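# Close look at the chain arrangement
Okay, here's what each chain looks like letter by letter:
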Amino acid sequence: MIDQFPQTDELDRQIAEALADDARLSFRKIAADLGVTEGTVRGRVKRLQTAGLLKLVPIVDIARGLDATNAGQHMMFVTVKCASGKLDAVREGLLALPEVRALYDANAALRLIAICVLPSLEDAAAVTNRVLALEGIREAETELVLQTVKYNAAIGPIATVEDLRGMDASA
């Protein structure tokens, strides 16, 4: 399975990390920082994108401004436990709520976690009521974020083939 991806190396990882920090960086700047040519960076990025190992997409920092210094925007986590056979219906109901910015299937059976961004505490109450009204919800729990301690939208660094082989050996 490992061999279906192209061989990657430390330069690929450095390029990916630079773009993860700031996807607006020019290939010229990345090349200068890494001591390679702009064409090398351009070619490596294209190869990684073609292989599906790198995707450049805009990410909105939903954590920005969600603290006491910026009133008028609140983040709320909603964890729901679904009734048996109702997971898909609850998932669709949550996805239909415009306040839901992210939705995750959790490791616990029939559990979903939604992240909502809301303009007021009144809106938090209204969303909570709309979630509780969804058919198929067994339990729901909400938590308001009081402050952002750390947030980084760049979650997963690129792994080299050697990294993956090392994981196979340790398994």
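Let me begin by describing the structure that accompanies this report. (Residues numbered from 1 in each chain as written. Predicted model: local features only at pLDDT ≥ 70, side-chain atom pairs only at ≥ 80, totals over all residues. Heavy atoms only, no water.)

Tracing the sequence through the fold places L87 in helix α4 (residues 87-95). In sequence terms L87 and L110 are 23 residues apart; their C-alpha atoms lie 6.0 Å from each other. Contact partners of L87, with chain neighbours within four places excluded, come to C82, L110 and L112. (Helix = DSSP H or I, 4+ residues; strand = E, 2+ residues; numbered from the N terminus. Contact = heavy atoms within 4.5 Å.)

Reading across the sheet, the four strands line up as β2-β3-β1-β4 and stay open at both edges, with antiparallel pairing between neighbours. At either end of the open sheet lies a strand with only one pairing partner, and these are β2 (100-105) and β4 (137-144). Mean inter-strand twist for the sheet, computed between neighbouring axes without regard to direction, equals 20 degrees. Sitting on the sheet, α4 touches β1 (74-82), β2, β3 (111-118) and β4, and the angle it makes with β2 is about 160 degrees. Against the sheet, helix α5 (residues 121-132) engages β1, β3 and β4, with an angle of about 15 degrees to β1. (Pairing = 2+ DSSP bridges. Axes fitted to C-alpha atoms, helices over the stretch in contact; angles between N-to-C directions.)

As a further point, take the pairing of β3. Counted residue by residue, β3 has six buried out of eight residues, so it is predominantly covered. Note: β1 against β3, eight bridges, orientation antiparallel. Bridge pairing links M76 to C116 in β3. As judged from the five bridges shared by β2 and β3, these two strands associate in the antiparallel manner. Along β3, the bridge assignment pairs A102 with I115. Between β2 and β3, which follow one another and run antiparallel, lie five residues, and L110 among them has a positive phi close to 60 degrees. (Buried < 20%, exposed > 50% of the residue type's maximum accessible area, 1.4 Å probe, protein only.)

A word on helix α3 (residues 38-50). Since the α-helix turns once every 3.6 residues, residues separated by three or four places project in the same direction. With 13 residues, α3 should cover 18 Å at 1.5 Å per step; its first-to-last C-alpha distance of 18 Å lies within 8% of that length. Burial in α3 covers these residues: V41, R44, V45 and L48. Along the axis of α3, the buried positions cluster into a sector of 100 degrees, meaning they face one direction only. Turned more than 90 degrees off the buried face of α3, the exposed positions are K46 and T50. Of the surrounding elements, those touching the buried residues of α3 are α1 (10-21) and α2 (27-34). G52 sits one or two residues past α3 and shows a positive phi near 80 degrees. (Expected span 1.5 Å × (residues − 1). Arc of directions from axis to C-beta.)

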